[in-house]
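Here's the letter readout for the chains.
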Amino acid sequence: MSQSILDTLVENARKAATSDQPTPAIRQVLRDSLADRDTVADAIAATEEDEVLLFEDDTCSIWSCRYDANVVFAPHEHCVPVHIAVYRGAEVQVLYHRDSNRLRHAANKTVPAGEIISLGADAVHAITAEGPGHSHAIHIYQGPLTRIERSLFDWTSGREIAFTIENFHALQRRKSEMEEFR
């Protein structure tokens, strides 16, 4: 049953992404899915990997994401809008502003279970979870995320680095090492 709920969510999100007004349609799909958030969270928890690409075409990328509260993934961009629904735990969006050739920490936005956040195409953020355990969320990007050239940003210098999965994982930090969480 767990897999079928993700299949249904993907099918509904795909339809929403091709609608005349994809942003509100995608957000509505996510709002509807929160009605059964424990089942969605259980399906995410059952996956072996923390980030799983559930579907991608030219209109959207749909990811199942599970984040550890002790790890913060490096600042990065998506270059397309993203809509995130949290089903279990809390996801923390560490938001940055670009100043010339560096990043400046702007704010931390905690998104608890049962809520949705949308970030614009120009957003730069790092990501982690809050509290004990992991956060469980679905991220829906309004475009083919794996085919977009995008950047990660060095924590210290703010220098742009090519976004690769290897770089994404190599730049992760322990939350206890970060000023933003002290």
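Let us look at the structure shown here. Note that the structure is predicted; figures quoted are calculated from it, not measured.

**Here's the deal with the pattern of salt bridges**
Here the idea is simple: oppositely charged side chains can pair when their charged atoms come close.
Part 1 of the reasoning: Counted according to the given criterion, the structure contains 6 salt bridges.
Part 2 of the reasoning: With its nearest N and O atoms 2.8 Å apart, the salt bridge here joins Arg88 to Asp42. One end of the pair, Arg88, is in strand E4 (residues 82-88); the other, Asp42, is in helix H3 (residues 37-45), and 46 residues separate them in sequence.
Part 3 of the reasoning: Here Arg98 and Glu77 are joined by a salt bridge, their closest N and O atoms 2.4 Å apart. Highlighted residues: Arg98 in strand E5 (residues 90-99) and Glu77 in strand E3 (residues 71-77), separated in sequence by 21 residues.
Part 4 of the reasoning: On the accessibility criterion, Arg98 (42% relative accessible area) is partly exposed.
Part 5 of the reasoning: Taken together, the salt bridges that share partners define one network made up of Glu56, Asp58 and Arg147.

**Some points on helix H2 (residues 22-33)**
Owing to its 3.6 residues per turn, the α-helix brings residues three or four apart onto one side.
Part 1 of the reasoning: An ideal rise of 1.5 Å per residue puts 16 Å on 12 residues; H2 measures up with 16 Å between its terminal C-alpha atoms.
Part 2 of the reasoning: When H2 is considered as a whole, its buried residues turn out to be Ile26, Val29, Leu30 and Ser33. End-on view of H2: buried residues confined to an arc of 95 degrees, all on one side of the axis.

**A word on the packing of aromatic side chains**
Between two aromatic rings, the relevant description is the distance of the centres plus the angle of the planes.
Part 1 of the reasoning: A full pass over the atoms with the stated rule returns 3 aromatic pairs.
Part 2 of the reasoning: Ring geometry for Phe73 and Phe168: centres 4.7 Å apart, planes at 10 degrees, overall stacked. Residue Phe73 is located in strand E3, and its partner Phe168 is located in helix H4 (residues 165-170); the two are separated by 95 residues in the primary sequence. A single burial state applies to Phe73 and to Phe168, both of which are buried.
Part 3 of the reasoning: Centroid distance Phe163 to Phe168: 5.3 Å. Interplanar angle 35 degrees. Geometry classified as tilted.
Part 4 of the reasoning: By way of ring pairs, the aromatic residues Tyr67, Phe73, Phe163 and Phe168 are connected into one cluster.

The rules behind these values
Residues numbered from 1 in each chain as written. Predicted model: local features only at pLDDT ≥ 70, side-chain atom pairs only at ≥ 80, totals over all residues. Heavy atoms only, no water. Salt bridge = Lys/Arg side-chain N within 4 Å of Asp/Glu carboxyl O. Helix = DSSP H or I, 4+ residues; strand = E, 2+ residues; numbered from the N terminus. Buried < 20%, exposed > 50% of the residue type's maximum accessible area, 1.4 Å probe, protein only. Expected span 1.5 Å × (residues − 1). Arc of directions from axis to C-beta. Phe/Tyr/Trp six-rings, centres within 6.5 Å; stacked < 30°, edge-to-face > 60°.

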